[in-house]
Structure formats: C-alpha cells, structure tokens
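Survey of secondary and tertiary structure
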Amino acid sequence: MTDRPSILIARAIFPEVVARLRGHFEVEDNPGDQIHGRAELIARLHGKRGVIATGSERIDAELLDANPQLRAVCNMAVGYNNIDVPACTARGVMATNTPDVLTETTADFGFALMMAAARRITESERFLRRGEWQRWAYDMFMGCDVHGATLGILGMGRIGQAIARRGALGFGMPVIYHNRSRLPAETEAALNARYVDKATLLREADHLVLVLPYSAESHHAIGAAELAQMKPGATLTNVARGGIVDDAALAAALRDGPIAAAGLDVFEGEPQVHPALLERPNVVLTPHIGSGSLRTRRAMADLAADNLIAALSGARPPSLINPEVLAARPA
Ligand code: 8YV
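Basis of the calculations
Residues numbered from 1 in each chain as written. Predicted model: local features only at pLDDT ≥ 70, side-chain atom pairs only at ≥ 80, totals over all residues. Heavy atoms only, no water. Helix = DSSP H or I, 4+ residues; strand = E, 2+ residues; numbered from the N terminus. Expected span 1.5 Å × (residues − 1). Buried < 20%, exposed > 50% of the residue type's maximum accessible area, 1.4 Å probe, protein only. Pairing = 2+ DSSP bridges. Axes fitted to C-alpha atoms, helices over the stretch in contact; angles between N-to-C directions. Contact = heavy atoms within 4.5 Å. Right-handed = clockwise from strand over helix to strand, strands pointing away. Domains from an automatic or database assignment. Buried area = accessible area lost by both parts, 1.4 Å probe. Salt bridge = Lys/Arg side-chain N within 4 Å of Asp/Glu carboxyl O. Polar contact = N/O pair within 3.5 Å; in protein donor to acceptor, adjacent residues only side chain to side chain. Nonpolar A, V, L, I, M, F, W, Y, C, P; charged D, E, K, R; others polar.

Here's the deal with helix 5 (residues 103-118)
Taking 1.5 Å of rise per residue, the 16 residues of helix 5 would be expected to cover 22 Å, and the 22 Å separating its terminal C-alpha atoms lies within 8% of that figure. The element helix 5 is extensively covered by neighbouring structure, given that twelve of its 16 residues are classed as buried. Remark: Arg-120 follows helix 5 within two positions and exhibits a positive phi of approximately 60°.

Some thoughts on the sheet that holds strand 5 (residues 94-96)
Taken together, the five strands give an open sheet; going across it, the order is 2-1-3-4-5, and neighbouring strands pair in parallel fashion. Each having just a single partner strand, strand 2 (26-28) and strand 5 make up the two edges of the open sheet. Sheet twist, expressed as the mean angle between neighbouring strand axes with direction ignored, is 15°. Inspection of the sheet shows strand 1 (residues 6-9) paired to strand 2 by three bridges, in the parallel sense. Bridging across to strand 2, Ile-7 finds its partner in Val-27. Across the sheet, helix 13 (residues 294-312) touches strand 1, strand 3 (50-53), strand 4 (72-75) and strand 5, and the angle it forms with strand 4 is around 170°.

Structural notes on the pairing of strand 6 (residues 151-154)
Residues Leu-151 and Ile-153 of strand 6 are buried on one face, and the alternating residues Gly-152 and Leu-154, pointing to the opposite face, are buried as well. For strand 6 and strand 7 (residues 175-178), the ladder comprises four bridges, and the chain directions are parallel. Bridging from a neighbouring strand, Leu-151 pairs with Val-175 of strand 7. Handedness of the crossover joining strand 6 and strand 7 through helix 7 (residues 158-171): right-handed. The pairing of strand 6 with strand 9 (residues 207-210) spans four bridges and is classified as parallel. Looking at strand 9, one finds that Leu-151 is bridged to His-207.

A closer look at the domain arrangement of the protein
Domain boundaries in the protein define domain 1 (6-100 + 294-328) and domain 2 (103-285). With six residues of domain 1 at the interface, the matching set in domain 2 holds five residues. Summed over both partners, the interface of domain 1 with domain 2 comes to about 550 Å²; 41% of that surface belongs to carbon and sulfur atoms. Broken down residue by residue, the surface that domain 1 buries against domain 2 is led by Asn-81, Asp-100 and Thr-296, which jointly contribute 72%. At the surface where domain 1 touches domain 2, the tally comes to one salt bridge. With its nearest N and O atoms 3.8 Å apart, the salt bridge here joins Asp-100 to Arg-158. Joining domain 1 to domain 2, the criterion identifies three residue pairs in polar contact (both at pLDDT 80 or more). Taken together, the residues of the side of domain 1 that touches domain 2 break down into two nonpolar, three polar and one charged.

Structural data, given as structure tokens:
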C-alpha cells in the first residue's frame, strides 16, 4: 500500500516527464498513446487525484461527478475549451493550462502558415512533385505579398501580439486588430497596431489571422457572412481552434471568392477534415502542430507536470485557471 496520490497521464508524453511524475505519484500512463473513449477515460480516472490531459479529453461535470476524488486537471495546452472550468470550480477541482511557453513557437507557425497560403507554397510544391513543372511562366503560382500588406488579427492575446510583432517589425506590415479588450496605447504603438471593429478588420485585412479562444461566443465567428465581407484576394489563417471558422463556408469561399487562400492548423471535428476543404488547392492544411517544436512541447509537458505536482502538494500551481478554488479551501 502507498499513500502517494495516483494520477493518470491521459496521452503519451515525454518519458522523462513521466519519470519525473513517478517520483511524486503512482502513475498510470499511456505509452502506446491509445485514445481512451469516454467511458474508458472515466473508468481510468477512478481513484486518481490528478490528470494530465490534452485538448482531446473532455473534462466535464459528468466526468468529475464520476470521479469525486479528482483534485487537479492539468492541460498540456494553453487552450482549455475541453475543460468545463465552472464545473471544476464548483467541485473544488484545480484546472491548469500551459500559457507563455508556447507563445513564440505558435506565432512562428501562424506566420509560416499565413506566408505559405499567401505565396502558395504547398500548392506549388504538389505541382512540382507531380512532375508538371515543364517551364517557367510569368503567371505561375502568383500569390500575394506579405511584406507591407495589412495584417489583421482577431484575438490579440499573447500569441496574437507575437504574430503582430513579427508582421510589424519583420515585414513592415500595418497591423489592425479586434479583441474583447483594447491593448494599452504603448503596446499598440510598439506593435504598429490599430484597434478596429470586426467589420473593419474583415474589410481591410490583407491577411487575417485568428488567434482567439474557442467558446460559445466565438463559435463560427468566421462564417459565410464574415467571409463575404473580406477583401478580395485576402488570406485567412486559423491557428486557434476548429469551430471558430465554419469550415463548409470557408471551402465555398475558397472556391467562389472573395478570399484567395487559407492556412488551417485546426478544424471543426478534427482529426476529421471537411471533405470540401480537402478538395481545395488553395488551402494549406496542417494537423494541429502549431506548438509542435521539440523544445516547446517539452516545456508544455514540464509545465503541466509542475502544475500537477504543485496542485497535489498543497502549493499554488504556476498556471492555475481557477484560483477561486484556493480561496474556497478550508483554512
Ligand atoms: C496543443 C493547443 O498541442 O495549446 C493549445 O491550446 O492547441 C496545442 O498547443 C493541443 O491542444 C494538444 O493539447
């Protein structure tokens, strides 16, 4: 018998991080990276005090009620739309995420995806690989410029600001943004950024990048009506969450205009991808790898582990989403 808390690591993560967690807890891990179905996840959580989760595991009231001993849910992701935070808070369960460590890596990727869409990089590579490149032509894969073009950002949090910085300082792009709250004037000045309403953002952006959290309010924030308002020849990039864009409407806009191209790292119902998107040549599609550099994924796993170790040892986790849980604890 042991009095060490038991935890579940829901998906495969770095063996070194699993080993570190074994120094603190009885660990059930998942080195084969099986996707646990809903019932299996609930069953595997029985007796566990904490879980390292990813965006794939839905943590809701039903799961928490089936596991009332659970005290900490630690996402290896900055986004936490997979966690019902109010349900956690109501049950005294700490919820944590992994902000900051992935900001620059995800911004690199968002910028790369935007550039790939604008300059038709994957589309032209497929052409070359098919052996169709016979001669140079003046109008072959003409794209749109990134430098000097207007960069639009919907959702100006940490990652949005990091993308804006790349555009403003590296590519001479005027930046316009829309966000729930406006940035301080000095931050706007440093990012060459102007706050605009959503309609202006859609109308004026040459390259629109989505970096807002997913919620009921942001569901289909970009649908047919919004796409119709975009600038002819613009690009749309989504490195935030599937469901923010109406993928069927986007596929139609990629076929009929007004936009020229898109870059998508996230999809509604991923890993399924809307078949109409797969048919469009003018969309760069990547499998949710925005934070996927070795160093950053390791930092995310370490931070998730730090959060869980702190949570179950009575310390404050470094990135606690619901600090109200601590205030509600008996003294
Ligand atoms: C994660 C992400 O890799 O951090 C996020 O919100 O979308 C990615 O960085 C993914 O969610 C798996 O947890």
